[in-house]
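Commentary on secondary and tertiary structure
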Amino acid sequence: MRVSGDQNHYLCELCDPRPLSKEVLLFPQPEDGKDDCLYYMTLMRDSGLQLHVGDAVYVTQDEAQRANRDLALTVRTALDIFRIERLWISDIGERLAYGHYYIRPHETFHEASRKFFHCEVVRVPLYEVLTLDYIVGICCVMDSHTFSLGRPKGVIEEDVFVCDYRVDKTAHLFTKITKSRYPINCSSYCFNRFSEKQSLKRTYQPHKIPDGLHRMKRRRSVARMQSSSSAEKSISASGATDANMDDLDSKSLSVLKVSDLEDTCACQTPKDGCVLSSECDGTAVDEPSRPKHKTRVSEGPRDLEDNLPLAEVKRMKMETKRRRLGEILDKLLSLMPSSSSSEEEEGCIDAAAVLIKGLVPDRGANLRSQ
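Just so it is clear, the structure is predicted and the values come from calculations on it, not from any experiment.

Broken down by element type, the chain carries 8 helices and 13 strands. Expressed as a percentage of the 370 residues in the chain, the buried residues total 24%. Long-range contacts, defined as pairs at least 24 residues apart, comprise 59% of the intrachain contacts of the chain with a sequence gap of at least 6. Carbon together with sulfur atoms contributes 55% to the accessible area of the chain, which is approximately 27,200 Å² in total.

Within the secondary structure, E120 sits in the loop between β6 (95–103) and β7 (122–131). Of the polar contacts made by the side chain of E120, one reaches the backbone nitrogen of F117; its length is 2.9 Å. For E120, the side chain forms a polar contact with the side chain of R202, separated by 3.3 Å. Sequence-distant contacts of E120, defined by excluding residues within four places in its chain, comprise P105, V162, Y165 and R202.

For helix α5 (residues 310–335), with 26 residues, the first-to-last C-alpha span of 38 Å sits near the 38 Å given by 1.5 Å per residue. When α5 is considered as a whole, its buried residues turn out to be V313, G326 and L329.

Here we come to the pattern of salt bridges. When charged atoms on two side chains of opposite charge get close, those side chains can pair. A complete count under the given rule lists 9 salt bridges for this structure. The partner of D159 in a salt bridge is R76, with the nearest N and O atoms 2.8 Å apart. Here D159, found in the loop between β9 (150–152) and β10 (160–162), pairs with R76, found in the loop between α1 (63–68) and β5 (80–89); they are 83 residues apart in sequence, far enough to count as distant. One exposure class covers both D159 and R76, and it is buried. Through salt bridges with shared partners, a single ionic network connects E120, D164, K176 and R202.

It is worth spelling out the side chain of E23 at this point. When you line up the elements, E23 lands in the segment before β1 (38–40). Polar side-chain contacts of E23 include one of 3.4 Å to the backbone nitrogen of M44. At 2.4 Å, the side chain of E23 forms a polar contact with the side chain of R95. Setting aside residues no more than four positions away along its own chain, E23 makes contact with Y40, T42, L43, M44 and R95.

All right, on to a nonpolar patch on the surface then. Together, V24, M41 and V53 give the surface a local cluster of nonpolar side chains, amounting to about 230 Å² of exposed area. Relative to the helices and strands, V53 resides in the loop between β3 (50–52) and β4 (56–59). Note on V53: relative accessible area 38%, which makes it partly exposed.

Of note, the bond from F27 into P28 is cis; its omega dihedral lies within 30 degrees of zero at -5 degrees. Mapped onto the fold, P28 is located in the segment before β1.

Averaged over every residue, the pLDDT of the chain is 76; the share at 70 or more is 64%. When the elements of the chain are averaged for pLDDT, helix α6 (residues 341–346) gives the smallest value, 49, and β6 the largest, 96. Segment residues 255–300 is flagged for pLDDT under 50; beyond a separation of four residues in sequence, or across chains, it makes 27 contacts in the model.

A separate point is the packing of aromatic side chains. On inspection of all chains with the given rule, the structure shows 6 aromatic pairs. Summarising the aromatic geometry, the rings of Y98 and Y127 are spaced 5.8 Å apart at their centres and angled 15 degrees between planes, so their arrangement reads as stacked. With a gap of 29 residues between them, Y98 in strand β6 and Y127 in strand β7 connect regions that are remote in the sequence. Taking relative accessible area as the criterion, Y127 reaches 38% and is therefore assigned partly exposed. With a centroid separation of 6.5 Å and an interplanar angle of 75 degrees, the aromatic rings of Y165 and F174 are classed as edge-to-face. Here F174 falls in the buried class, since its relative accessible area comes to 16%. A connected cluster of aromatic rings, assembled from ring pairs, spans F116, Y165 and F174. Looking at R114, its charged tip hangs above the ring of Y165, at a distance of 5.4 Å from the centre.

In terms of nonpolar packing, the biggest core is built from 21 residues, with I84 and I135 touching the most fellow members. Within the residue set of this core, elements represented by two or more residues are β4, β5, β6 and β7. Residue contributions to this core peak at 4 residues, all from β5. Setting aside its immediate chain neighbours within four residues, I135 contacts R45, L51, V57, Y58, V59, I84 and L130. L79, I81, Y102 and C139 belong to the second largest nonpolar core, which has 12 residues in total.

About the cut-offs
- Residues numbered from 1 in each chain as written.
- Predicted model: local features only at pLDDT ≥ 70, side-chain atom pairs only at ≥ 80, totals over all residues.
- Heavy atoms only, no water.
- Helix = DSSP H or I, 4+ residues; strand = E, 2+ residues; numbered from the N terminus.
- Buried < 20%, exposed > 50% of the residue type's maximum accessible area, 1.4 Å probe, protein only.
- Contact = heavy atoms within 4.5 Å.
- Areas by Shrake-Rupley, 256 points an atom, 1.4 Å probe, with all protein chains shown as cover.
- Polar contact = N/O pair within 3.5 Å; in protein donor to acceptor, adjacent residues only side chain to side chain.
- Expected span 1.5 Å × (residues − 1).
- Salt bridge = Lys/Arg side-chain N within 4 Å of Asp/Glu carboxyl O.
- Patch = residues over 30% accessible without salt bridge, like charges linked within 9 Å, V, L, I, M, F, W, Y side chains within 5 Å.
- pLDDT = per-residue confidence, 0-100.
- Phe/Tyr/Trp six-rings, centres within 6.5 Å; stacked < 30°, edge-to-face > 60°.
- Lys NZ or Arg CZ within 6 Å of the ring centre and 35° of its normal.
- Core = buried A, V, L, I, M, F, W, Y, C linked by side-chain atoms within 4.5 Å.

This is the structure:
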């Protein structure tokens, strides 16, 4: 109360209440502080919220949330958690706070199998100076041992968090906090104890897929597999249909050929070995307007080869290859540069004959050499 002992008449606050300011000045002032600034243990925000050194508060960067300042209408996960380490008023009258942040488990880099408490936060060495206008409300951050004993008075369960670890600036390396710098007062006048100490267990995995979404993903994969299998079946069925259609077309063509041969004879049962049977009277049963004797279609080259001797067939094939080779060589020679047409006529040779002569072995020469 900053009351000196040399006063002659003094009454207590119950008998003689005095107006006291809720902004308590820090005494003595910090040695590393600025000379033109006043440091406080508690400061009041313009809306009547009293802030203490060591309090954990919600901080927001949104202008609408700062204007509203109603935690009941604000989503807690959209707010940052900030620990106040110093409070002061600058030389221009600006109310400032200095401290560090806490981050949530999904904002850190960790193994996918690592588990946390549902209300766990991690201390990060990110310090900042901000005005009291950025503070929306008060929360509570405590260690797991105090969390299992009870809850501070005047704080709802939604605003209570656990912090047992700190990380580096990159949020990769986790380090256990052995002793809290800001312990919670567990006295009966400000702390509600549980009847029994609660057993805590880390079961929260930030990157785990929920059961509903995992089941939905499995259904989608099964449906995708079924659709792909049905597509493959339809493709195979269409391929089989095409093959069957090809077989039917070949069969129909063969049937048509046989029917044409049968139609050449007027008899419904033609005799074997003859197109026109001797017993045929020359009239067709189904088509009376058709001529009596139908000429047969000329045989193809394959049929002619079957009737010719083997030597003659080889000679014909050789002539065909020679003719094609000669055409190709003529085209190549026409593309080559030449001095005059007379030289071409003098040096004109049958290149195909020369190549064929070189390719075909001279059996007589071989016999003579033997």
